[in-house]
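Geometric and topological summary
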Amino acid sequence: MRKRGQRRLAADRAAYSVEAEWTKADLALLAELRRVEALLPQDAPRALLSIRLSVLTDDTTSPVRQELDLRILARERGSRVVGVASDLNVSATKVPPWKRKELGEWLNNRSPEFDELLFWKLDRFVRRLSDLSTMIEWSLKRGKNLVSKNDSLDLTTTAGKIMVTIIGGIAEIEAANTSTRVASLWDYAKSQEDWIIGKPAYGYVTDEDDTGKVVLVIDPEAAKALHWARRMALRGRSAGFMVRCLKRSGLMTQGLTVATLHRRLRNPALLGYRVEEDKNGGQRRSKPLLGKDGRPIKVAPPLFTEEEFETLGAALDKRKKNQPPRRVGGVTQFLGVLLCADCKTNMTVQITNNTHGTYQYLRCRNCKSGGLGAPNPERVYERLVQDVLKVLGDFPVQVRQYAEGAEARKEIKRLQETIALYMKDLEPRGRYTKTRFTKEQAEASLDRLIGELEAIDPETAKDRWVNVHGGKTFREHWQEGGMEAMSADLYRVGIRCEVTRTKVPKVRAPKVHLRLLIPKDVRERLVIREDDFEDTRAPRRHGPEFHRPIVDGQQARRPPGRATSASVCASSGRSETQRTCSCSSTSHTEAAPSTAPYATASGTKASTCSARATARR
């Protein structure tokens, strides 16, 4: 029999459904609350309900009970419920409100649709003081109100703002204490020979011994796969061959990669040692933990002997390639934008070192690039930049901004009240009907007020998003921001470029054909949405040291020796029949045909063709 407060099993959580938790009494109460909401006036405050639950236990407040309590609170406040943001299995410590799936969508894109945010308890909403301060600042900026069911919090009063900060600090202290306890448990577990907590390394599973203590035992299937991989490594077979065989046999999952296999085979945990992750030079490796006696802590029976493990490492080192260190931010530009036309996977930059020098080339994940050829990435980038600027460079940069309708609503209310007063006084026996002069003056003033009321656009009385011209075009924007800005914008709006490679006999560089895929609603997608919740926890991915500006429609060159200039063979004119270029080793770009969901801008086809001179390294 399960104890109260005991966490449900993973299978129970997976099978949990919010709809299944609603009883007949709950549904009856929900129907009654909705009936009352329907009687509210049109200008009633609009309430958004925020429901969160990190882990479902027998002691926690169910999402159903949270929603019903919040709907009752909304009824007491005279507010109409316009939506319910339900985020289950979400930690408030790790995920702030604006990054949650349901609530984040409302805060970032649907904030004009509600006036106040209701939550069951403060710890159901946030557990970090910084997150709470950010939400208070955002609410005051947007004219929203934060209301808690069980904490008597209301941002409309100064006392409420002070109280919410104090209670938020207490919640953060509690979360910090929890984090300290968890960190202390991990530190203690690392120094013990018994298996207390954590996920076992590949090759081991947890089990219970005769005394009921949790121990690590060897997984037979994983041991079979690892020993086979060791034999293949000693025979000099490549890791790619081993990955294909292991995936085909079903001994390892279909998501296995060469890097994952290397990491598993080089893990000292196969000797039965307790290990921890050691990131060195961008590679994920594990290192053994040492005990008080200076020796590795043993927590499981060894899967390999020390001699077998050393010979395995030596065999892997024989086929090891001397790859250059990884570049922070990645060496591939336009990652996620350039796709292989055949296998639809990303085109990435590969770097090869040999006695003649260092070479960069583009390749996909699944096709045999040796049979298709390896294009120079710099020339492909140059061609892509030129064609994107030709199609989208003259589009204006628009920024989405939040426009409040409070002032317009206040002005409309003033005009309506004044008009009603004039109309009342112009009725028979009213004060403006006593003389002809006062009546004419009142009627003139009434006509003027009615004209002012009619001149107000009803849309301006609503909280809404408006697109404001940024004062420059995307050509200027990308010239300032460089290739990183263009790549981020293309990926954000869903623009893709398919790369088709055709092998040219006796030439290393292939014939390359680029096909630019542009969504039909590209103008709307290009609108820049400013982030009101710019996260200060995570550093920016790209720093200024990787800024490569675009000059005169071309990317700034890398240091000399990496790429040569390209000669251009232009096709004159535009027609429904696509022109082609018969030059060898050409780079050809066209816009996609007008088929949903992609089409060219302005309904035209953009076609350019350039031939580049091939040069042997």
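Below or above, wherever it landed, is the structure these notes cover. (Residues numbered from 1 in each chain as written. Predicted model: local features only at pLDDT ≥ 70, side-chain atom pairs only at ≥ 80, totals over all residues. Heavy atoms only, no water.)

1. Quick word on helix α15 (residues 436–455)
- Taking 1.5 Å per residue as the helical rise, α15 with its 20 residues ought to reach 28 Å, and the 29 Å between its terminal C-alpha atoms agrees with that figure.
- All buried positions along α15 are accounted for by A442, S445, L446 and L449. One side of α15 carries all its buried residues, which in axial view fall inside an arc of 105°. Opposite the packed face of α15, turned more than 90 degrees from it, sit the exposed residues R436, F437, D447, E454 and A455. (Helix = DSSP H or I, 4+ residues; strand = E, 2+ residues; numbered from the N terminus. Expected span 1.5 Å × (residues − 1). Buried < 20%, exposed > 50% of the residue type's maximum accessible area, 1.4 Å probe, protein only. Arc of directions from axis to C-beta.)

2. Remarks on the packing of aromatic side chains
- Under the criterion given, the structure shown has 7 aromatic pairs.
- Pairing W106 with F114 gives two aromatic rings, centres 6.2 Å apart and planes at 70°, and the pair type is edge-to-face. The same class applies to W106 as to F114, namely buried.
- With centroids separated by 5.3 Å and ring planes inclined at 80°, the aromatic side chains of Y402 and W465 adopt a geometry described as edge-to-face. On the criterion of sequence distance, the pair formed by Y402 in strand β13 (residues 396–403) and W465 in strand β14 (residues 464–473) is long-range, its members being 63 residues apart.
- Through successive ring pairs, a cluster of aromatic residues spans W106, F114 and W138.
- For the cation-ring pair, R264 lies above Y202, with the distance from its terminal atom to the ring centre recorded as 4.1 Å. (Phe/Tyr/Trp six-rings, centres within 6.5 Å; stacked < 30°, edge-to-face > 60°. Lys NZ or Arg CZ within 6 Å of the ring centre and 35° of its normal.)

3. Focus: the environment of W138
- Among the structural elements, W138 can be located in helix α6 (residues 129–142).
- Classification of W138 as buried rests on a relative accessible area of 3%.
- Not counting residues up to four positions away in its chain, the partners in contact with W138 are L107, S111, F114, K144, D532 and F533. (Contact = heavy atoms within 4.5 Å.)

4. Section: the pattern of salt bridges
- With the rule as written, the count across this model stands at 25 salt bridges.
- Between R266 and D317 there is a salt bridge, with the nearest N and O atoms lying 2.9 Å from each other. On the criterion of sequence distance, the pair formed by R266 in the loop between α10 (258–265) and β8 (275–280) and D317 in helix α11 (residues 306–318) is long-range, its members being 51 residues apart.
- The class for D317 is partly exposed, based on a relative accessible area of 40%.
- With a shortest N-O distance of 3.6 Å, R475 and D394 are connected by a salt bridge. Taken together, the positions of R475 in helix α16 (residues 474–493) and D394 in the loop between α13 (377–392) and β13 put the pair 81 residues apart, joining distant regions of the chain.
- Judged by relative accessible area, which is 28%, R475 ranks as partly exposed.
- You can call D394 exposed: its relative accessible area is 58%. (Salt bridge = Lys/Arg side-chain N within 4 Å of Asp/Glu carboxyl O.)

5. Some details on the state of the cysteines
- Applying the stated criterion across every chain yields a total of 0 disulfides.
- For C364, which is in no disulfide, the shortest distance to another cysteine sulfur is to C343 and amounts to 3.7 Å. (Disulfide = S-S within 2.5 Å.)

6. Side note on the sheet that holds β14
- The 3 strands lie next to each other as β14-β13-β17, forming an open sheet whose pairing is mixed. Each end of this open sheet is capped by a strand with a single partner; those strands are β14 and β17 (528–529).
- As paired elements, β13 and β17 share 2 bridges and run parallel to each other. The residue of β17 that forms the bridge with V399 is I528. (Pairing = 2+ DSSP bridges.)

7. Some thoughts on helix α4 (residues 101–109)
- Taken residue by residue, α4 has L103, G104, W106 and L107 as its buried positions. The arc enclosing the buried residues of α4, seen along the axis, measures out at 160°, which places them on a common side.

8. Re a positive patch on the surface
- A cluster of basic side chains, namely R231, R235, R237, R244, R248, R319 and K368, defines a positive patch on the protein surface.
- For K368, a relative accessible area of 72% gives the class exposed. (Patch = residues over 30% accessible without salt bridge, like charges linked within 9 Å, V, L, I, M, F, W, Y side chains within 5 Å. Areas by Shrake-Rupley, 256 points an atom, 1.4 Å probe, with all protein chains shown as cover. Lys, Arg positive; Asp, Glu negative; His and termini not counted. Charge placed at Lys NZ, Arg CZ, Asp CG, Glu CD.)

9. Topic: the sheet that holds strand β5 (residues 153–154)
- The 5 strands are arranged β2-β1-β3-β4-β5 in an open sheet whose pairing can be described as mixed. Edge positions in the open sheet fall to β2 (80–88) and β5, since each of these has one partner strand only.
- Two strands pair when backbone bridges link them, and strand β3 (residues 116–119) and strand β4 (residues 145–148) are joined in this way by 4 bridges, in the parallel orientation. Residue L118 lies in a different strand from β4, and its bridge partner there is V147.

10. Focus: the nonpolar core
- If you look at the biggest cluster of nonpolar residues, it comprises 37 residues, and the most contacted ones within it are F334, L338, V388, L392, W478, M486 and L490.
- Contributing elements (two or more residues each) for this core: β10 (338–340), α13, α16, β15 (496–502) and β16 (511–517).
- The element best represented in this core is α13, accounting for 8 residues.
- Leave out the neighbours within four places in its chain, and L490 touches F334, V337, V388, L392, I495 and R496.
- In this structure, M252, L271, Y273 and L312 belong to the second largest nonpolar core, which totals 29 residues. (Core = buried A, V, L, I, M, F, W, Y, C linked by side-chain atoms within 4.5 Å.)

So yeah, pure geometry; function would need other evidence.
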